[in-house]
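Residues per chain are reported as follows:
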8 protein chains.
Amino acid sequence: MTDVFTDLDFAKLDISRQSRTGAAETIYCAGKTKEQLLKILQTFKEKNISVLGTRCSVEQFEFLCEHGVKAEYDELSKILIYSCGQTNKLYGKIAVCCAGTADLPVAEEAAKTAAFMGAEVCRYFDVGVAGIHRLFAKLEDIRQADVIIAVAGMEGALAGVLAGLVSAPVIAVPTSVGYGASFGGLAPLLTMLNSCAEGVSVVNIDNGFGAAVSACRILRRIKK
Amino acid sequence: MTDVFTDLDFAKLDISRQSRTGAAETIYCAGKTKEQLLKILQTFKEKNISVLGTRCSVEQFEFLCEHGVKAEYDELSKILIYSCGQTNKLYGKIAVCCAGTADLPVAEEAAKTAAFMGAEVCRYFDVGVAGIHRLFAKLEDIRQADVIIAVAGMEGALAGVLAGLVSAPVIAVPTSVGYGASFGGLAPLLTMLNSCAEGVSVVNIDNGFGAAVSACRILRRIKK
Amino acid sequence: MTDVFTDLDFAKLDISRQSRTGAAETIYCAGKTKEQLLKILQTFKEKNISVLGTRCSVEQFEFLCEHGVKAEYDELSKILIYSCGQTNKLYGKIAVCCAGTADLPVAEEAAKTAAFMGAEVCRYFDVGVAGIHRLFAKLEDIRQADVIIAVAGMEGALAGVLAGLVSAPVIAVPTSVGYGASFGGLAPLLTMLNSCAEGVSVVNIDNGFGAAVSACRILRRIKK
Amino acid sequence: MTDVFTDLDFAKLDISRQSRTGAAETIYCAGKTKEQLLKILQTFKEKNISVLGTRCSVEQFEFLCEHGVKAEYDELSKILIYSCGQTNKLYGKIAVCCAGTADLPVAEEAAKTAAFMGAEVCRYFDVGVAGIHRLFAKLEDIRQADVIIAVAGMEGALAGVLAGLVSAPVIAVPTSVGYGASFGGLAPLLTMLNSCAEGVSVVNIDNGFGAAVSACRILRRIKK
Amino acid sequence: MTDVFTDLDFAKLDISRQSRTGAAETIYCAGKTKEQLLKILQTFKEKNISVLGTRCSVEQFEFLCEHGVKAEYDELSKILIYSCGQTNKLYGKIAVCCAGTADLPVAEEAAKTAAFMGAEVCRYFDVGVAGIHRLFAKLEDIRQADVIIAVAGMEGALAGVLAGLVSAPVIAVPTSVGYGASFGGLAPLLTMLNSCAEGVSVVNIDNGFGAAVSACRILRRIKK
Amino acid sequence: MTDVFTDLDFAKLDISRQSRTGAAETIYCAGKTKEQLLKILQTFKEKNISVLGTRCSVEQFEFLCEHGVKAEYDELSKILIYSCGQTNKLYGKIAVCCAGTADLPVAEEAAKTAAFMGAEVCRYFDVGVAGIHRLFAKLEDIRQADVIIAVAGMEGALAGVLAGLVSAPVIAVPTSVGYGASFGGLAPLLTMLNSCAEGVSVVNIDNGFGAAVSACRILRRIKK
Amino acid sequence: MTDVFTDLDFAKLDISRQSRTGAAETIYCAGKTKEQLLKILQTFKEKNISVLGTRCSVEQFEFLCEHGVKAEYDELSKILIYSCGQTNKLYGKIAVCCAGTADLPVAEEAAKTAAFMGAEVCRYFDVGVAGIHRLFAKLEDIRQADVIIAVAGMEGALAGVLAGLVSAPVIAVPTSVGYGASFGGLAPLLTMLNSCAEGVSVVNIDNGFGAAVSACRILRRIKK
Amino acid sequence: MTDVFTDLDFAKLDISRQSRTGAAETIYCAGKTKEQLLKILQTFKEKNISVLGTRCSVEQFEFLCEHGVKAEYDELSKILIYSCGQTNKLYGKIAVCCAGTADLPVAEEAAKTAAFMGAEVCRYFDVGVAGIHRLFAKLEDIRQADVIIAVAGMEGALAGVLAGLVSAPVIAVPTSVGYGASFGGLAPLLTMLNSCAEGVSVVNIDNGFGAAVSACRILRRIKK
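In short, a report on the structure. Just so we're clear, the structure is a prediction, and the values are computed from it rather than from any experiment.

## Points about the packing of helix α2 (residues 34-46) of chain A against helix α3 (residues 58-66) of chain A
Angle between the axes and distance between the axes: these two values describe a pair of packed helices. All names here are of chain A. Running from amino to carboxyl end, α2 crosses α3 at an angle of 55°, the nearest separation of the two axes being 10 Å. Our classification of the angle between α2 and α3 gives oblique. When the axes of α2 and α3 are compared, the crossing they make is right-handed. For the pair α2 and α3, the contacting residues are Lys34, Glu35, Leu37, Leu38 and Leu41 in the first and Glu59, Gln60, Phe63 and Leu64 in the second. When the residues that make up the contact of α2 with α3 are grouped by side-chain class, the tally is five nonpolar, one polar and three charged.

Structure (structure tokens):
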């Protein structure tokens with residue numbers, strides 16, 4: 001395995017990541033200028049590599065469009081997809097569960113990222129523990145999944161409750177949804193880290209993307 | 001109503017509290033010397049007033065015994081009771097639920113305080129959300145209570161899950177049970193404050209006593 | 001009791017909440033798109049269910065109006081009320097006290113929520129402890145209430161002072177009013193959790209709504 | 001699947017956990033009295049169920065021995081194993097990597113838990129990033145694993161560096177090893193949550209047990 | 001004014017402090033070895049300078065006694081006084097008020113320090129806001145003081161309530177008395193910093209000494 | 001002394017404050033609507049009482065002007081002064097020192113408040129410890145003051161350095177000037193609370209007003 | 001050495017800093033009004049002193065241009081340079097390394113500051129540990145430097161990894177790049193402070209300027 | 001350069017560190033068992049390599065002595081030195097300054113580490129800013145140093161004041177000396193990171209060792 005990269009002026013594109021870590025190429029768009037983003041996408045295009053962008057603003061997307069980049073964009077999750085061909089399908093299934101409607105952007109970031117990487121994704125939205133019968137109504141379906149991504153803000157109890165009910169690994173995503181003593185997502189982050197039920201591991205606040213990558217790494221071990 | 005107190009050298013005993021707030025007399029024993037505690041109990045004894053002590057150490061209790069104070073003591077909850085007659089019974093019932101075995105000292109502090117104040121108390125211990133079927137097995141019983149005290153450490157999800165399942169007010173007590181990112185009970189405290197289910201209010205970490213007093217204030221409004 | 005819900009694309013409306021928890025239907029409007037909110041309200045309208053919306057922006061309200069939803073809106077408290085008939089009256093009375101003029105939006109959220117749920121509400125505004133004679137002037141009135149909601153920002157001392165003066169349960173609402181070392185409401189939150197006076201329980205920062213729901217749960221136990 | 005439990009006075013033993021979540025029975029020994037722990041182990045013994053205890057003190061272990069419980073105990077990791085027969089072997093391999101010698105107790109908790117649950121475990125200790133050549137010397141071996149558990153205190157950089165070099169999922173365990181601005185493990189916890197490399201998920205500080213359970217849940221999906 | 005000091009091996013004694021800042025000499029005993037403390041006291045003795053030691057342990061005091069230092073010691077406040085003559089009396093009066101019995105050590109540190117520096121000190125102990133009538137019973141006396149030191153742990157509301165009732169400056173001392181969400185005195189510290197009543201300034205947690213020095217600096221401006 | 005107030009709909013004006021606490025009337029303008037502020041000022045005008053407003057926005061001021069309120073306004077400090085006659089002069093002098101140019105708004109809030117209350121104020125701006133010779137150049141002047149207000153952001157060391165050099169009481173005001181690990185003024189707040197030099201007391205972050213009121217309370221004790 | 005300064009109304013320009021500390025004159029532009037900044041620059045111009053401004057906004061720069069100040073401005077790093085002649089060259093070389101593209105503004109602030117002060121600067125951008133081969137590809141070059149400035153946000157692991165690979169001192173700059181549990185740069189700050197590798201010292205979050213000044217102080221000691 | 005290490009069972013000794021980073025071998029003794037420490041020292045002895053141990057307890061040292069390791073030990077700083085020959089002397093001089101007597105253990109850790117690595121070290125103890133004339137009395141001496149290590153707890157202002165007075169780089173070490181709002185050294189850590197004076201970089205709380213290593217890396221660049 002040779003680790004190589006393309007050296008732009010302001011960035012070193014890690015174009016060997018797929019061979020090294022198994023994951024497709026991705027770009028964190030926040031904090032990059034429109035011009036930098038354009039140059040990066042043009043480089044991937046030249047190399048005929050598909051790429052997923054996260055936290056892409058509408059302004060960034062429109063600038064790319066104006067300069068001839070043909071990409072898909074989802075405003076809710078702020079996901080940008082530049083695709084130049086088919087993805088290898090992964091075995092197994094990921095369930096993306098979220099507690100409330102306000103958690104949708106993060107849940108969709110997870111779902112779209114996983115789908116881009118080749119996973120089969122099932123969505124179970126608004127199944128938070130405040131009305132736990134909604135979760136139980138979907139439980140048998142959720143139990144079919146190989147990995148569960150549990151997205152929740154406010155108190156963040158969904159992940160722990162789920163982990164006590166299923167046998168698959170649960171990847172918990174705290175969100176910044178809430179106010180006051182949520183402290184920007186600190187509350188559900190701590191809840192999830194302190195889960196009494198076993199089998200929960202946690203990613204950064206609002207990091208649907210990271211949860212999806214971890215989930216796909218798991219799927220890649222199945223029937224390898 | 002006349003607000004009076006007895007002025008010891010180091011303390012002003014608030015002996016009119018019962019008439020003002022309805023609650024029996026109580027002492028927070030931690031941070032008081034054995035001699036101070038003895039003098040306080042002797043004063044109440046002289047005035048023929050029952051009193052409950054919280055966070056009483058074994059050393060404090062033994063010192064009181066050696067000096068002729070006849071009181072009951074529970075080592076688990078660190079509750080001291082000096083009783084000089086019967087308590088008025090309150091109408092209604094309090095359910096004290098706790099998530100795990102390690103939460104017992106706090107749950108018992110709540111249960112014993114409420115009983116001292118005249119409430120009927122039912123205990124539902126080790127019903128945490130990690131094995132949620134244990135909670136459901138007791139749910140119909142819990143629904144009979146007029147107030148629910150939910151005691152939980154670690155992730156603290158019990159209060160919110162309960163509040164979504166019952167119609168009574170839920171008073172949540174976070175405990176310092178846990179380690180690492182529990183940060184001494186901060187995690188369940190934030191969980192409970194951010195509960196998605198309505199009807200939860202929260203007291204200080206490990207404050208079973210305070211939860212019981214609030215619960216008894218509620219019972220006192222019933223059939224007044 | 002059958003727990004049911006209506007499954008919209010992005011939300012599962014918990015339309016059995018009233019039978020399960022006793023509380024009327026409510027929506028947390030923040031974090032929902034205008035289109036989602038409209039669809040939710042239309043669903044409740046079809047089912048002839050009254051509903052209260054909290055943290056509803058002017059933009060959301062205007063969008064609803066433009067699309068034919070006939071609802072009341074209070075800009076100060078950001079409360080939206082869609083009513084389709086009379087509410088059952090609750091027995092007992094709730095006193096909503098607030099420390100300063102800047103706490104009014106939270107206090108009104110509490111007062112309007114409680115009124116929507118059928119409670120009799122008395123308001124005592126600007127009675128903070130900095131000029132404690134203002135509180136004493138109203139004390140006899142406040143003592144008539146069955147539950148007291150104490151709303152305060154900055155130092156948040158109102159709840160504890162009140163709890164020492166009355167026999168009713170006190171539900172404390174810290175607010176984000178203040179600056180600097182208030183840290184967004186952390187200061188009054190900690191004050192209230194550490195109240196020396198017994199009988200105080202606390203809800204999330206700025207959560208007037210939650211305090212009102214807890215208060216109404218208490219009223220529902222009276223003369224049941 | 002029927003969810004059942006055994007109701008002791010102070011605990012409800014979740015003896016259906018294995019069928020529900022796939023994991024063997026476990027006990028968190030901290031915060032339980034010696035008598036409670038003995039009673040729990042006797043119950044499992046009667047039911048002929050193997051069980052793993054975490055955070056078991058020497059005193060607790062000796063008490064169990066004195067009362068006839070035949071169990072293995074490892075003082076470093078504080079793991080207690082009561083075994084009554086063979087475990088089902090899991091497919092796949094777990095690499096447990098740790099940054100420094102002081103992280104060994106946590107790493108061993110992870111390794112012993114995973115082994116108890118049937119996993120093949122390889123240990124790579126003292127491979128922290130301060131002397132990164134030590135990590136590279138073991139990298140090819142580590143790449144053979146299906147799941148990697150990365151245990152690190154102080155700065156906690158090991159997990160992120162590893163995740164950039166391998167294709168397996170990385171479960172990161174921050175430890176409380178360090179001093180000063182480590183703030184009891186907060187520093188490596190935040191480092192791991194903010195990992196730039198994808199594929200890292202995190203468990204509570206010092207929670208080697210939880211990491212192992214998550215890792216075994218992953219292994220259970222392989223060749224199912 | 002010449003600023004001079006005596007250079008010991010491990011310390012530079014600031015023996016010109018009195019002329020520069022007006023305050024008597026003081027030593028912070030915590031963190032000094034018994035031998036260092038002895039040497040410092042011997043130096044002051046040689047120079048015939050009175051000195052006050054704070055946070056002096058019983059062990060330190062006994063070591064000094066054994067080596068011939070004739071000093072007074074108060075175990076409650078941990079104040080050590082080595083006096084070699086009379087102090088200049090200050091004009092005016094300081095009221096030291098404290099909220100509860102457990103705050104006494106800090107209140108006494110303040111009172112003894114102020115007395116050592118020549119102030120007239122009046123003590124008003126156990127006048128916390130939970131039973132506010134106890135405070136009102138002493139209010140007219142407290143109003144006679146030129147500076148008020150308000151010592152309180154837990155919620156720390158005493159300082160703000162007092163400042164709204166008197167015209168003298170209030171120096172607030174938060175204490176570490178409390179538990180849970182008191183976070184070692186953070187709660188009353190924030191309460192006091194956010195006081196709605198004007199005229200409150202705050203010193204470090206448990207710093208009765210510092211409050212007394214500030215109060216004496218104020219007295220020194222009177223009738224100068 | 002009779003404690004009275006004027007009850008507006010949304011506020012209870014504490015018009016007896018001057019007799020009770022000695023301080024002139026003041027309004028915290030932030031968080032009040034323009035209409036509320038106007039009504040408050042009109043009430044004071046009717047009663048012929050001067051009043052100082054803090055944190056008054058330009059918009060609030062312009063609204064008052066448009067409605068006939070004749071008041072002075074300083075945009076830098078956001079101080080509004082409605083004066084209806086002369087103030088009683090206080091004896092003594094206040095030195096307002098600030099560390100950097102960016103601290104000026106807070107320093108001016110202190111200076112203008114103190115002047116409004118009748119104090120003689122001297123300003124010493126940009127005398128921070130990074131170039132300590134600037135402070136020494138002004139030291140003899142500063143030593144003439146009866147109270148020193150030390151305003152500083154970033155590291156906030158000015159207060160402690162000053163307190164070691166003068167004999168007057170020092171009231172420290174941390175400011176939110178800074179970035180990163182200043183955490184909105186937390187850094188200078190902690191610095192000032194931990195001052196090694198004696199004689200420092202601290203007010204809330206950016207609270208120049210509070211420092212001035214405390215300083216004036218001190219001046220009022222001089223030659224009383 | 002005479003310490004002098006120029007006293008403007010709102011600022012005391014520390015024009016002797018170069019002789020005292022060896023560093024060129026600099027201005028922190030944030031928090032200064034445009035008029036203040038202009039006056040400061042005109043003063044330096046009159047004295048024929050070069051000066052570097054940090055955190056200068058576009059608006060500030062344009063105002064200076066309109067008023068005849070001839071200065072260079074870099075929008076990315078917000079560095080303003082007013083130069084009136086050549087700088088003394090420093091011996092030795094500074095390597096400025098940054099982890100990601102979003103860290104560029106901070107890295108450039110460091111690089112431009114160091115260049116202004118006379119240092120030779122080499123830039124190594126986007127060499128974060130997520131793709132560590134990018135760092136190794138540049139390692140031999142980086143090892144030529146006399147001081148290394150390591151700029152990184154998110155997990156901030158770059159500084160520690162570098163310090164284990166080189167013999168030069170490493171000055172670490174955490175950045176606020178990231179989201180969620182980065183808490184505005186707290187995460188990389190703690191990472192860097194807890195670096196297992198020796199030889200790392202840390203400056204404030206986003207403080208590229210400070211790192212450069214420290215680095216130049218080091219260079220000034222070489223071949224002195 | 002070949003990076004090699006010796007693989008013990010529990011540790012991989014980084015015996016090529018000197019050639020890679022220039023620093024002598026060191027061991028962090030805390031968290032290692034006595035047996036592990038003995039084995040490590042025996043390994044270094046066999047290879048004839050000098051080594052410095054930090055945070056070595058008296059018990060660890062005595063165990064080493066009993067097993068024939070001939071090493072020096074300083075109880076104050078907890079430094080263990082096993083020396084097998086002369087050290088290369090470094091050019092230049094390091095000034096270790098500390099604010100108070102209680103900071104001595106950390107200051108000595110720095111001083112002894114630097115001396116072990118071949119530096120000339122001058123100590124300036126108890127020169128904190130509370131009595132700033134003590135610092136000025138030593139200033140000309142301190143200015144002769146090539147690197148200054150500034151050790152301070154409580155408010156931690158020493159580093160910033162020094163940096164404004166000298167031209168050498170200042171490495172700041174916050175200590176955990178203090179109480180209350182020092183929060184274990186957080187206060188001086190923040191102070192030092194927010195230093196207004198340029199030229200300060202900071203290491204972990206109580207990390208005298210790290211400061212010394214950084215200082216020696218600087219000295220190694222002089223006259224190389």
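## Side note on the interface of chain B and chain C
Residue-level contacts link 36 residues of chain B with 36 residues of chain C. With both chains or domains summed, chain B and chain C bury close to 3200 Å², and 48% of this area falls on carbon and sulfur atoms. It is Glu198(B), Arg217(B) and Arg221(B) that lose the most area in chain B upon contact with chain C, and together they represent 25% of the buried surface on that side. Taken together, the links from chain B to chain C amount to two salt bridges. With a shortest N-O distance of 3.3 Å, Asp146(C) and Arg221(B) are connected by a salt bridge. Where chain B meets chain C, there are 20 residue pairs in polar contact (both at pLDDT 80 or more). Listed by contribution, the elements that provide at least two residues to the side of chain B that touches chain C are α1 (17-21), α7 (186-193), β11 (200-202) and α8 (208-220) of chain B. A per-class count over the side of chain B that touches chain C returns 18 nonpolar, 10 polar and eight charged.

## Notes on the relation of the copies chain B and chain C
In summary, the two copies of the chain are related to each other by a rotation about an axis coupled with a shift along it. Turning chain B through 180° and shifting it by 0.0 Å along the axis lays it on chain C, with an RMSD of 0.0 Å. Taken together, the rotation angle and the small translation identify this as a two-fold axis. In this assembly, 100% of the residues forming the interface of chain B have copies in chain C that are likewise at the interface, indicating an isologous arrangement.

## A word on the layout of surface pockets
One number sums up the size of the largest pocket: a volume of about 1600 Å³. Residue lining of the largest pocket: 37 residues in total, with Leu186(D), Leu186(E), Leu186(F), Leu186(G) and Leu186(H) positioned closest to the centre. Only α7 (186-193) of chain A, α7 of chain B, α7 (186-193) of chain C, α7 (186-193) of chain D, α7 (186-193) of chain E, α7 (186-193) of chain F, α7 (186-193) of chain G together with α7 (186-193) of chain H provide two or more residues apiece to the lining of the largest pocket. Across the lining of the largest pocket, the residue classes tally to 34 nonpolar, three polar and no charged.

## What about the relation of the copies chain D and chain A?
Of the two same-sequence chains, chain D is brought onto chain A (RMSD 0.0 Å, axial shift 0.0 Å) by a rotation of 180°. Mapped onto chain A, 100% of the interface residues of chain D again fall at the interface, so both copies present the same surface.

## Description of the pattern of salt bridges
Evaluation of the coordinates by the stated rule reveals 64 salt bridges over all chains. Between Lys112(B) and Glu108(B) there is a salt bridge whose closest N-O contact spans 2.7 Å. Residue Lys112(B) and its partner Glu108(B) are located together in helix α4 (residues 104-116), separated by four residues, close to a single helical turn. Between Lys12(C) and Asp7(C) there is a salt bridge; the shortest N-O distance is 3.5 Å. For Lys12(C), a relative accessible area of 5% corresponds to the buried category. Asp7(C) gets classed as partly exposed once you look at its relative accessible area, which sits at 40%. Here the residues in one salt-bridge network are Asp74(A), Glu108(A), Lys112(A) and Arg123(A), joined through shared partners.

## Quick word on the environment of Lys47(G)
All names here are of chain G. By the element assignment, lysine 47 lies in the loop between α2 (34-46) and β4 (51-54). Linking lysine 47 and isoleucine 15, residues 32 residues apart in sequence, is a C-alpha distance of 9.2 Å. Setting aside chain neighbours within four positions, we find lysine 47 in contact with Thr6 and Ile15.

## Structural notes on the arrangement of the chains
You won't find any contact between chain A and chain F; their C-alpha atoms come no closer than 14 Å. Between chain A and chain H there is no contact; the minimum C-alpha to C-alpha separation amounts to 20 Å.

## Description of the packing of α7(D) against α7(G)
The N-to-C vectors of α7(D) and α7(G) enclose an angle of 125°; their axes lie 8 Å apart at closest approach. Looking at the two axes, α7(D) sits oblique to α7(G). In this structure, the crossing between α7(D) and α7(G) has a hand that is left-handed. Every residue of α7(G) that contacts α7(D) at Leu186(D), Ala187(D), Leu190(D) and Thr191(D) is listed here: Leu186(G), Ala187(G), Leu190(G) and Thr191(G). A per-class count over the contact of α7(D) with α7(G) returns six nonpolar, two polar and no charged.

## Comments concerning helix α4 (residues 104-116) of chain D
Residue and element names in this part refer to chain D. Given a rise of 1.5 Å per residue, 13 residues ought to cover 18 Å, and the 18 Å separating the end C-alpha atoms of α4 matches this to within 8%. Every buried residue of α4 is accounted for by Leu104, Val106, Ala107, Glu108, Glu109, Ala110, Ala111, Thr113, Ala114 and Phe116. Two residues or fewer past α4, glycine 118 is found with a positive phi of approximately 105°.

## Let's talk about helix α2 (residues 34-46) of chain F
For α2(F), spanning 13 residues, the distance from its first C-alpha to its last is 18 Å, which sits close to the expected 18 Å at 1.5 Å a residue. The first or second residue beyond α2(F) is Asn48(F), which carries a positive phi of 60°.

## Some details on the interface of chain D and chain A
Each partner contributes residues to the interface: chain D has 37 residues there, and chain A has 37 residues. When residues of chain D are sorted by the area they lose upon contact with chain A, Glu198(D), Arg217(D) and Arg221(D) head the list and together hold 25% of the total. Linking chain D to chain A there are two salt bridges. On the surface where chain D and chain A come into contact, there are 20 residue pairs in polar contact (both at pLDDT 80 or more).

## Re the packing of aromatic side chains
With the rule as written, the count across this model stands at 20 aromatic pairs over all chains. Pairing Phe61(C) with Tyr73(C) gives two aromatic rings, centres 4.7 Å apart and planes at 15°, and the pair type is stacked. Taken together, the residues span a long stretch of sequence, with Phe61(C) in helix α3 (residues 58-66) and Tyr73(C) in strand β5 (residues 72-74) at a distance of 12 residues. Of note, Arg55(C) hangs over the ring of Tyr179(A), and the distance from its end group to the ring centre comes to 3.7 Å.

## Side note on the sheet that holds strand β6 (residues 79-82) of chain F
Residues and elements named next belong to chain F. The strand order across the open sheet formed by four strands is β3-β4-β6-β5, and the pairing between neighbours is mixed. The open sheet terminates on both sides in strands that have one partner only, identified here as β3 (25-28) and β5 (72-74). Ignoring strand direction, the axes of neighbouring strands in this sheet form an average angle of 15°. Bridging between β5 and β6 involves three bridges; their strand directions are antiparallel. In the strand pairing of β6, glutamate 72 is matched with isoleucine 81.

## Digging into the sheet that holds β5(C)
Residue and element names in this part refer to chain C. Here we have four strands laid out as an open sheet, ordered β3-β4-β6-β5, and mixed in their pairing. The sheet terminates laterally at β3 (25-28) and β5, the two strands that pair on one side only. For this sheet the average axis-to-axis angle between neighbouring strands, irrespective of direction, equals 15°. On top of the sheet, helix α2 (residues 34-46) reaches β3, β4 (51-54) and β6 (79-82); it is set at about 175° to β3, its chief contact.

The rules we used
- Think of each chain on its own: its residues are numbered from 1, step by step along the sequence as written.
- Starting at A for chains and at 1 for ligands, labels are handed out in the order in which the entities are written.
- Local features in this predicted model are restricted to residues whose pLDDT is 70 or higher, and side-chain atom pairs enter the listing and the counts only when it is 80 or higher, whereas totals over whole chains, interfaces and linings include all residues.
- The basis for every side-chain value is the complete set of heavy atoms in the structure, and neither hydrogens nor water enter the calculation.
- Fitting a line to C-alpha atoms yields each axis, with helices limited to the stretch in contact; the angle taken between N-to-C directions then spans 0 to 180 degrees.
- The numbering of helices and of strands both runs from the N terminus, where a helix is a DSSP run of H or I of at least 4 residues and a strand a run of E of at least 2.
- If an angle is under 35 degrees, it is roughly parallel; if it is over 145, roughly antiparallel; if it lies from 65 to 115, roughly perpendicular; otherwise it is oblique.
- Here a crossing is taken to be left-handed if its near helix is turned anticlockwise relative to the far helix by less than a right angle, and right-handed if that turn runs clockwise.
- Only heavy atoms enter the contact rule, under which two residues are in contact if any of them lie within 4.5 Å.
- Under the grouping applied here, Gly and all other residues not named as nonpolar or charged are polar, the nonpolar ones being Ala, Val, Leu, Ile, Met, Phe, Trp, Tyr, Cys and Pro and the charged ones Asp, Glu, Lys and Arg.
- Two parts lose some accessible area (1.4 Å probe) when they are put together, and adding that loss for both gives the buried area.
- Every case where a carboxyl oxygen of Asp or Glu lies within 4 Å of a side-chain nitrogen of Lys or Arg is listed as a salt bridge.
- Each polar contact in these results corresponds to two N or O atoms within 3.5 Å; when the atoms are within protein, one needs to be able to donate a hydrogen and the other to accept it, and residues that are neighboring in sequence are counted only if both atoms are side-chain atoms.
- Superposition of the copies used a least-squares fit over C-alpha atoms from residues whose pLDDT is at least 70 in both.
- Think of a 1 Å grid over just the protein atoms. A cavity is a set of points where a 1.4 Å probe fits yet cannot get out, a pocket is an open set with protein on both sides within 12 Å along at least five of seven lines, and lining residues have an atom within 4 Å of a point.
- Grid points are joined across faces, edges and corners, and a volume is the space filled by probe spheres set on the points.
- The buried label goes to any residue with under 20% of its type's maximum accessible area, the exposed label to any with over 50%, and the partly exposed label to all in between, with areas taken from a 1.4 Å probe on protein chains only.
- Given the number of residues in a helix, its expected span is that number minus one, multiplied by 1.5 Å.
- Any pair of Phe, Tyr and Trp rings, taking the six-membered ring for Trp, is counted once the centres come within 6.5 Å. Such a pair is stacked with planes under 30 degrees apart, edge-to-face with planes over 60 apart, and tilted for the rest.
- For a lysine, the NZ atom is tested; for an arginine, the CZ atom; a charge sits over a ring if that atom is within 6 Å of the ring centre and within 35 degrees of the ring normal.
- For two strands to pair, DSSP has to find at least two bridges joining them.

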